[in-house]
Amino acid sequence: MLYTLSILVDNQAGVLTRVTSLIARRGFNIESLAVGVTENPTLSRITLVVDADARSVEQISKQLNKLINVHKVSDLTDESRTDRELALFKVSTTPERRHEIIEMCDVFRANIVDVGRNTLTIEATGDESKLAAMEGLFREYGIREVARTGRISLARGGARD
Amino acid sequence: MERTDEKAQVAAFADAPGGAIRMNGAHAIIRSLEDEGVSYLFGYPGGQALALYDALYDSRKLTHILVRHEQGAVHAADGYARATGKPGIAIVTSGPGATNTITGIACAYMDSVPLIVITGQVETSVIGTDAFQETDITGVTLPITKHSYLVKDTQDLPRVIHEAFHIATTGRPGPVVIDVPSDIAAGSIDYRPCTTIELPSYKPTIKGNARQVKQAADLLVHAQRPLLLVGGGIVASGATDRLRMLASCLHAPVATTLMGKGAFPEDDARALGVAGVYGRPSANAAIADADVILAIGVRFSDRVTGPVEGFAPDAHIIHIDIDPAEIGKNVVPEVPIVGDADTVIGQLIERLGKAADMPDTSDWLRGAAELRAQDVPPCFVDGRAVRAGIAVHQVMRTLNGLLAERESIVTTEVGQHQMWASQFLTRSQPRTFLTSGGLGAMGFGLPAAIGAQLGCPDRSVVCVAGDGSIQMNVQEMATATANGLPIKVIVLDNAGLGMVRQLQEETYGSRYSQTVLPACPDFVKLAEAYGWQGARVSDADALDDALARLLASEGPALLDVVIDPDEFVFSQMEEAYASDSDTGRKE
């Protein structure tokens, strides 16, 4: 099962390595990982998705909590939460078929960020199902390249910060 | 060599504003160590540690013990820490100096020993360029340290060192690496001692949750066959006195792990000795029969539990540990309590004091004691003939008698001799049996004995070794000589790697692949070459005298005891290895 962990860490060199190497050496595969600074510039938030069972996730969380640079580990899996991911799709097209893709982007509230002679690059944000749906539609035209940020998540409301 | 450059020293210390003293980073490190109360450093100099060693030259409070290999420095610092409870300090140069510390750091990490390892590093401007003697030591040691620092600013040094001591010695203790680039050591700082800790993300839990303590007490007051299983956490916490009170209060027998040997006096009527794969069968039988197991400061390692599914199937398990990650990692307890062993035992005793009458466990205690009395490992059966050399049981019995007459610390190397010592030597105090439990690092015992002897100068320090493992750090005999340390080494010499040989016989049909050691040195001559006294004994009638003379000798001394290569350690490996051979020595 996929678990979403939100990890508050010191915004310092080497901290990401401590987190990821710990997860790797305990034998888990990271499905996605996103990291960025928080409202407090001394802290970063790592949003991590791992494929594991419940007992293993508890063990990972406890081991992560032991790292001196880790302030808090929250398991958001069962929380009501907002998930977002940003993706860039470079899609093959011809001048005649561009408008089809542009219409689709309107529906998905995605932006065209680059227009080439035979390609369009689309910026899309959303949860995984939305991005998967877009990817499925673009596949018909031919996807040249995809870049994704990995999921970032926050719990809803004021229960957690 | 006398220092000639007096000016350099004057320049190194100058008054700075606000009562601070201006000095370079290296002097700030040495001053910080002095301010932390350090007495001994174990180390080896090198190019990127020049400034550190120059600063050390001026210190009157620190004694540097020059080892012969950096692995020896870390094991010696580890032995010092295990014997005294104070953190051990090692100091080495970059690159190979730093990588040579790795086995020592891993050993301390596995056994939760507080260490500070200071490594020199190439200057910051060339980090990452594969400069001469550059190794990313904080990267390499990531999985085997509690925390590590690569210092990038000279001003950070007092804080980093103060934090490192705090982290190494509190909570679950462990090693901390501080990597100091040479330009940081050479940089200037207005030194003020750092006395505050600001680590909001590091707050070990000391006191146990009251509700969980009550649940534990409720289980214990109804236990018909309670048992205590205690480990290194008792020693680290200094909980031996309260543990004894708890055992009397519960009328429960006490088994220990290898790391807990000595945490409960082994000559006490309730003591079951060491449990586990190489432990006493009677201790394991009691664990299997118990209805409530109170496990304190243990991590349920595979050496203790065997196959974990079969461990204490009928028992309610209460697990107390200061490390939350240990609880539920290997064995899922019914009642988990995170906290410091001594504090939580105190809470439990208080709770139990309020309880009405406890069940009568005298039959259970008597049964466990009877089992223990009958439980003599095959190789310790009196009068058992050996094919060659001296019987191990005679060595251990005589040694036990001699150790009982004095305040002593035993260190071991790793292998058969280690397990024999664990099974047979009676230890009644904590910090008197120092062994590489988790990592099982050959080469630990001799340098650990050096550290222990420095920390406890009034005690007899005896290293029980094998002919294989003594050769792994044998160069440290010179360190003992140079520092006048009267440590004693007993080599149980079976001319081979006995433990692996035994496993080969048990599990690989006696195909002895690379376990005979040809060209062993003459240990007597080797000892003499290092300035030790050396002796060999191969006749059973001469053994007792030889051991007595060894322990009575003045300086460092080694006794080479020739034993039978076919003597086996009694073990309960058959389940773990699914072997159809007998356990213990086959006659």
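Conventions and cut-offs
- Residues numbered from 1 in each chain as written.
- Chains lettered and ligands numbered in written order.
- Predicted model: local features only at pLDDT ≥ 70, side-chain atom pairs only at ≥ 80, totals over all residues.
- Pairing = 2+ DSSP bridges.
- Helix = DSSP H or I, 4+ residues; strand = E, 2+ residues; numbered from the N terminus.
- Axes fitted to C-alpha atoms, helices over the stretch in contact; angles between N-to-C directions.
- Domains from an automatic or database assignment.
- Contact = placed C-beta atoms within 7 Å.
- Nonpolar A, V, L, I, M, F, W, Y, C, P; charged D, E, K, R; others polar.

Participant: Sorry if this is basic, but what is going on with the sheet that holds strand 15 (residues 335-338) of chain B here?
Facilitator: The strands making up a sheet associate through backbone hydrogen bonding, with each pair oriented either parallel or antiparallel. Residues and elements named next belong to chain B. In space, the 6 strands of this open sheet follow the order 12-11-10-13-14-15, with parallel pairing throughout. A strand with exactly one partner marks an edge of an open sheet, and here the two such strands are strand 12 (271-274) and strand 15. For this sheet the average axis-to-axis angle between neighbouring strands, irrespective of direction, equals 15°. With 5 bridges connecting them, strand 13 (residues 292-296) and strand 14 (residues 316-321) associate as parallel partners. Within strand 14, the residue paired with Ile 293 across the bridge is Ile 317.

Participant: Mind showing me how you'd approach the domain arrangement of chain B here?
Facilitator: When the parts come together, some accessible area is lost, and that loss is often what is quoted as the size of the interface. All names here are of chain B. Looking at chain B, the domain boundaries give domain 1 (6-191), domain 2 (210-374) and domain 3 (378-577). Just the C-alpha atoms count here: the centres of domain 1 and domain 2 sit 38 Å apart. Each partner contributes to the interface: domain 1 provides 5 residues, whereas domain 2 provides 5 residues. Here the side of domain 1 that touches domain 2 is composed, by residue class, of 1 nonpolar, 2 polar and 2 charged.

Participant: I keep staring at the sheet that holds strand 16 (residues 408-412) of chain B and nothing clicks. Help me out?
Facilitator: All names here are of chain B. The sheet built from 6 strands is open, its strands ordered 17-16-18-19-21-20 with parallel pairing. For this open sheet the edge positions go to strand 17 (433-434) and strand 20 (533-537), each flanked by a neighbour on one side alone. Across 2 bridges, the pairing between strand 16 and strand 17 is parallel. Across the sheet, residue Val 410 finds its bridge partner in strand 17, namely Phe 433. Of the strands in this sheet, strand 16, strand 18 (460-466) and strand 19 (488-493) touch helix 18 (residues 416-424), which is tilted by about 135° from strand 18.

Participant: Would you mind showing me how to read the interface of chain A and chain B here?
Facilitator: On the side of chain B, 12 residues touch chain A, which itself brings 12 residues to the contact. Taken together, the elements giving at least two residues each to the side of chain A that touches chain B come down to helix 1 (15-25), helix 2 (54-66) and strand 4 (70-75) of chain A. Per element, the largest residue contribution to the side of chain A that touches chain B is 5 residues, and it comes from helix 2 of chain A. Taken together, the residues that form the side of chain A that touches chain B break down as 2 nonpolar, 5 polar and 5 charged.

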